[in-house]
Amino acid sequence: MDLSLSSIVRICGATRALDGASLSMRAGRVLALVGENGAGKTTAIHVACGLVAPDSGEVRAAGRSLPPGDAAAAIAAGVGVVHQHFMLVPAMSVADNIALGAEPRTGPLGLFVDRARVRREVLALAERHALPVDPDARVESLGVGERQRVEILKVLYRGARALLLDEPTAVLAPGEVDALLDTVRALAADGASVLFVSHKLDEVFAVADDIVVLRRGRVVLAKARADTTRDEVANAVVGEGHAPLEVHARAASVEARVALELQNVSTEGLGPISLRVMAGEVVGVAGVEGNGQRALAELIAGLAPVRAGVVRFDGRDAAGEGVVARRRAGIGYVPEDREGRGLVGELSVAENVMLGDPEVAASEGRFDRAEAARRAVAVIDRYGVRPADPWAPVHSLSGGNQQKVLLGRELARSLKVLVVAQPTRGVDLGAARALHEALREARAAGVAIVLISSELDELRALSDRIVVMRRGAFVGELRPDEAVDARLGALMVGGS
Amino acid sequence: MRAAIPTRAAVVAAAAVLLTLNVAVWASGDAPASVLMLAARGAFGSGYGLAQTLAKATPLVWTGAAVAFALRARLFNIGAEGQCLAGVLATAVVGAALPSSTPWVIAAPLCLAAAAFGGASLGGFAGWMRARLGTHEVISTLMLNGLVAVLTTWLYAGPLRVGAQVHTRPVVDGARLSHLDLAVHAFRGSALNTSLALAVIATVVAHLYLTHMRGGVAIRALGSSPRAAEALGVSTASTTVRAMTISGALAGLAGTHYVLGVKGYAEQGLGTGVGFTGVAVAMLGAGSPWAIVAAAVLFGAMAQGGLAVNARVPSDVLSVAQAAVILAVAAVRANSRQERP
């Protein structure tokens, strides 16, 4: 089914999230929507599916105009969205989730859900689109890739013929990405139109028929894939004059001093594991999400109890130390859960930066607001945080700027060990480059860094060696130059 | 967006009062306009009326500030009621125990401290239960409310009774707070006293504490993102206890209005209800000390206005209006939360 957005303007507060953007999805074709964070990709999807009404412009499905801001009408017209964050009920079965809200009725007055029919239809749908699922499994028992299949089946079950996929590969392991791309191609071959949002040009060029690049709410490039190049798209995404992300030559900064040592350590969902990180070394941790990476990070940060084993910082036993003692000893933590674990959303940038000092967070006395502003301005200037206002509440910043504040807060202290998880997730290319540069500088200054990331390019670009985690244990170790996708992927998912 | 909420809440609150009053007065068979005028004149139309409105607002400033303070740590201190009663008891006992010649520079601070201590001990206990045992503060403070109500009833009717009178011995003269009608002649006969000034100052100080002291910033951090606060090394337990202790102290200080300001002694029923109304004041005025004071004055005016029209319509009409304010403001807040991206 064709779905088109014409001259959409959507104003959010002081900014134009979409500024006259038009895009057009055609039946049987995959349209890739590319752009930095805040470029308007998600807003475009929200407008297309009727979640928000545009301030001006029109959405047309199969040639007919859709009423603005009417999600029910959009669904009825055949528009289906797989959101970036899954919207499933973990305690319910796959079949119940797929039918939720659209259940066929049976019995007198339609009092009962016809579950047998749901099950039948789900199996038929799964068969037809080659999306294998167990209709009776509970969603909470499924992995990320399976949950995504359930989400896709959910929109197909409602008869969607125009599918909008918001960054569907962000959460997947390399092997799962390939399977998803196959699914997307198959859906298009079946006559559906697909909108595929991604940051990653590899995927875009593997799957798309047409490519549209958004920058600051405007369409800056719209071409058939065959008529454009990766360089052209990359330049359109970031604007002119940016070099692509590349592997820097590594200076030999690794010192012969063990900064962090874990010996047969275990905690909830982790271990026993052993790991040594030297001062000035970056150890990358690869793995499919949910395989113990978070437990590893929280363990080093002092936020998960050490059940067994030895934890040493600079040779000193620290297994019994809590988060305050660890932070005083120079342990820094940049959690993947930026707003929930890393930053206090309702507090200002200045207050967040100041609280990064354990002497302030865990003691009594005056909160020196002038000093807080001074430290915040240092972080803002160093990393180019926007808005450059130390008293702006953190929740008002974009994801990339929050990440700059978070990493800047930790690096502003004299660190010995830094645990950093997904430092550039959901962050645009410009900010990602600044964050990578900051990590390289910290490494050169002798900080031992544990880098947890699902971006294999990032791991290869920054790490001195890469360890792979699966089911709470280290299952392999590779040098960056031997860590090709295939080898990493095999270790991550437990292949040969 | 966030700054607009108090303004919007105020407009909605005023509209809710006017609308419900009109309907309720009309339903009880009287002319709305004239009754409303009478109520307004009763609350604001004379020096005495205005002073009485402010006097009724005084304990609500204390309890409103108390509930709002705990809310900053995302703790719902529904025990301001019991903490206020504990403050009444503590200040009356200490005030009466002092030698009669105690000068005011000693007596007044001691009695204020006693009121704060009475409320703080209850609030702090509820905070400790939350931090150490995981007992939700709504449950524990609600239970403590009942406990304190029964305890004070028994004390005032039994051990602390003075002869045939069902109240405590009077506090020493040095502990009494001045009535403002000494300074402003128009306030003559009203119960308005310096506890109001103390309440306003305390509300502002409590607000500044949240931004200018490490303990206060920790309270806001815990209220906003408990997991981030934990990762920064903020102690969840001690911050919870601290927030509830300070909140309890503010609620307990409401007792100074009754014991040191109005009555000079404690008796059964003194301070009853202001804790719960304080929850409404905090809902209406959350976020700004001046909004809390304004909300307390609004509720004080409704109480005083209700007395003025009591001869023509039941004073329950004003209770209905109060309830309408709370519902309307809750709806506005819920709505603006949804709109936040």
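Residues numbered from 1 in each chain as written. Chains lettered and ligands numbered in written order. Predicted model: local features only at pLDDT ≥ 70, side-chain atom pairs only at ≥ 80, totals over all residues. Heavy atoms only, no water.

Visitor: Explanation requested: the overall build of chain A in the structure shown.
Guide: Helix and strand content of chain A: 18 helices and 22 strands. Dimensions along the principal axes, computed over C-alpha positions, put chain A at roughly 70 × 45 × 45 Å. For chain A, buried positions account for 52% of its 496 residues. Long-range pairs, those at least 24 residues apart, make up 67% of the contacts in chain A between residues at least 6 apart in sequence. (Helix = DSSP H or I, 4+ residues; strand = E, 2+ residues; numbered from the N terminus. Buried < 20%, exposed > 50% of the residue type's maximum accessible area, 1.4 Å probe, protein only. Contact = heavy atoms within 4.5 Å.)

Visitor: Would you mind going over the overall build of chain B with me for this structure?
Guide: The helix and strand tally for chain B stands at 13 helices and zero strands. In chain B, the succession of α and β elements from N to C terminus is α-α-α-α-α-α-α-α-α-α-α-α-α. Scaling as 2.2 N^0.38, a compact globule of 341 residues should have a C-alpha radius of gyration of about 20 Å, and chain B matches this with 20 Å. Projecting the C-alpha coordinates of chain B onto the three principal axes gives extents of approximately 60 × 60 × 35 Å. As presented, chain B carries roughly 14400 Å² of accessible surface, and 69% of it is formed by carbon and sulfur atoms. Between the mean site of the 21 positive side-chain charges and the mean site of the 9 negative ones, chain B shows a separation of 9 Å. (Rg over C-alpha atoms; globule rule 2.2 N^0.38 Å. Areas by Shrake-Rupley, 256 points an atom, 1.4 Å probe, with all protein chains shown as cover. Lys, Arg positive; Asp, Glu negative; His and termini not counted. Charge placed at Lys NZ, Arg CZ, Asp CG, Glu CD.)

Visitor: When you look at the environment of Val282(A) in this model, what are you seeing that I'm missing?
Guide: Within the element layout of this structure, Val282(A) appears in strand β15 (residues 282-286). Spatially, the C-alpha atoms of Val282(A) and Leu303(A) are 22 Å apart, while their sequence positions differ by 21 residues.

Visitor: Hey, could you run me through the interface of chain A and chain B in this one?
Guide: Many analyses report the size of an interface as the accessible area lost when the parts associate. With 30 residues of chain A in contact, the opposing surface of chain B contributes 20 residues. Where chain A meets chain B, there are five salt bridges. Between the two partners, chain A and chain B, sit 16 residue pairs in polar contact (both at pLDDT 80 or more). Listed by contribution, the elements that provide at least two residues to the side of chain A that touches chain B are α10 (323-328), α11 (338-342), α12 (349-355) and α13 (358-361) of chain A. Of all the elements, α11(A) adds the most residues to the side of chain A that touches chain B, at four residues. (Salt bridge = Lys/Arg side-chain N within 4 Å of Asp/Glu carboxyl O. Polar contact = N/O pair within 3.5 Å; in protein donor to acceptor, adjacent residues only side chain to side chain.)

Visitor: When you look at unusual backbone geometry in this model, what are you seeing that I'm missing?
Guide: Note: most residues except glycine have negative phi, and most peptide bonds are trans. Residues and elements named next belong to chain A. That bond from Arg386 to Pro387 is cis: its omega, 0°, falls within 30 degrees of zero. Inspection of the secondary structure assignment puts Pro387 in the loop between α14 (369-383) and α15 (399-411). Despite not being glycine, Ala130 shows a phi value in the positive range, around 55°. If you trace the backbone, Ala130 turns up in the loop between α4 (115-128) and α5 (144-157). In this structure, Asn264 is a non-glycine residue whose phi angle is positive, near 50°.

Visitor: Would you mind going over the sheet that holds strand β5 (residues 64-65) of chain A with me for this structure?
Guide: In any sheet, the strands associate via hydrogen bonds between backbone groups, in a parallel or an antiparallel arrangement. Residues and elements named next belong to chain A. Taken together, four strands build an open sheet; the order of strands is β2-β1-β4-β5 and the sheet is antiparallel. Unpaired on one side and paired on the other, β2 (15-25) and β5 mark the two borders of the sheet. Packed onto the sheet, helix α1 (residues 41-48) meets β1 (3-12), β2 and β4 (56-61) and runs at close to 115° relative to β1. (Pairing = 2+ DSSP bridges. Axes fitted to C-alpha atoms, helices over the stretch in contact; angles between N-to-C directions.)

Visitor: What's the story with the packing of helix α5 (residues 104-133) of chain B against helix α6 (residues 137-157) of chain B in this structure? I'm lost.
Guide: A pair of packed helices is characterised by two quantities: the angle between their axes and the separation of those axes. All names here are of chain B. One can describe the packing of α5 onto α6 by two numbers: an axis separation of 9 Å at closest approach and a directional angle of 145°. Regarding α5 and α6, the two cross each other, and that crossing is right-handed. Contact with α5, carried on its side by Leu122, Phe125, Ala126, Met129 and Arg130, involves Glu137, Ser140, Thr141, Leu144 and Val148 of α6 and no other residues of that element. A class-by-class count of the residues in the contact of α5 with α6 yields six nonpolar, two polar and two charged. (Left-handed = near helix turned anticlockwise from the far one by under 90°. Nonpolar A, V, L, I, M, F, W, Y, C, P; charged D, E, K, R; others polar.)

Visitor: How do you make sense of the packing of helix α3 (residues 47-72) of chain B against helix α11 (residues 274-285) of chain B when you look at a structure like this?
Guide: All names here are of chain B. In contact at an axis separation of 7 Å, α3 and α11 are set at 60° when each is read in the N-to-C sense. Between α3 and α11, the angle is such that the two are oblique. In the packing of α3 onto α11, the handedness of the crossing is right-handed. Across the interface between the two elements, Pro59, Leu60, Thr63, Gly64, Val67, Ala68 and Leu71 from α3 touch Val274, Gly275, Thr277, Gly278, Val279, Val281, Ala282 and Met283 from α11. Across the contact of α3 with α11, the residue classes tally to ten nonpolar, five polar and no charged. (Parallel < 35°, antiparallel > 145°, perpendicular 65-115°, else oblique.)

Visitor: Is there a simple way to think about the nonpolar core in this case?
Guide: Among the nonpolar cores identified, the biggest contains 88 residues, and Leu250(B), Leu284(B), Phe299(B) and Val325(B) are the most heavily contacted of them. No other element matches α3(B), which puts twelve residues into this core. Residues Val344(A), Ala361(A), Ala372(A) and Ala432(A) belong to the second largest nonpolar core, which totals 58 residues. (Core = buried A, V, L, I, M, F, W, Y, C linked by side-chain atoms within 4.5 Å.)

Visitor: Explain the side chain of Ser140(B) here, please?
Guide: All names here are of chain B. Along the chain, Ser140 turns up in helix α6. One polar contact links the side chain of Ser140 to the main-chain carbonyl oxygen of Glu137, over a distance of 3.3 Å. Residues within four places of Ser140 in sequence aside, it is in contact with Ala126, Met129 and Thr135.

Visitor: Can you help me understand the domain arrangement of chain A in this one?
Guide: Residues and elements named next belong to chain A. Structurally, chain A comprises domain 1 (3-238) and domain 2 (258-341 + 415-493). Each partner contributes residues to the interface: domain 1 has eight residues there, and domain 2 has twelve residues. At the boundary of domain 1 with domain 2, the tally comes to zero salt bridges. Our enumeration of links across domain 1 and domain 2 arrives at zero residue pairs in polar contact (both at pLDDT 80 or more). Class assignment of the residues belonging to the side of domain 1 that touches domain 2 gives a composition of five nonpolar, one polar and two charged. (Domains from an automatic or database assignment.)

Visitor: Would you mind going over a nonpolar patch on the surface with me for this structure?
Guide: Together, Trp104(B), Val105(B), Ile106(B) and Leu110(B) give the surface a local cluster of nonpolar side chains, amounting to about 430 Å² of exposed area. With respect to the helices and strands, Val105(B) occurs in helix α5. (Patch = residues over 30% accessible without salt bridge, like charges linked within 9 Å, V, L, I, M, F, W, Y side chains within 5 Å.)

Visitor: How should I be thinking about the pattern of salt bridges in this particular structure?
Guide: Pairs may arise between side chains of opposite charge once their charged atoms sit close together. Residues and elements named next belong to chain A. This model, assessed by the stated rule, comprises 47 salt bridges over all chains. A salt bridge links Glu58 to Arg60; the shortest N-O distance between them is 3.0 Å. Under the relative-accessibility criterion, Glu58 is labelled partly exposed at 28%. Arg413 serves as the salt-bridge partner of Glu410, at 3.3 Å between the closest nitrogen and oxygen. Each of the two residues, Glu410 as well as Arg413, counts as buried. What you see here is one network of salt bridges that share partners, running through Arg327, Arg409, Glu410 and Arg413.

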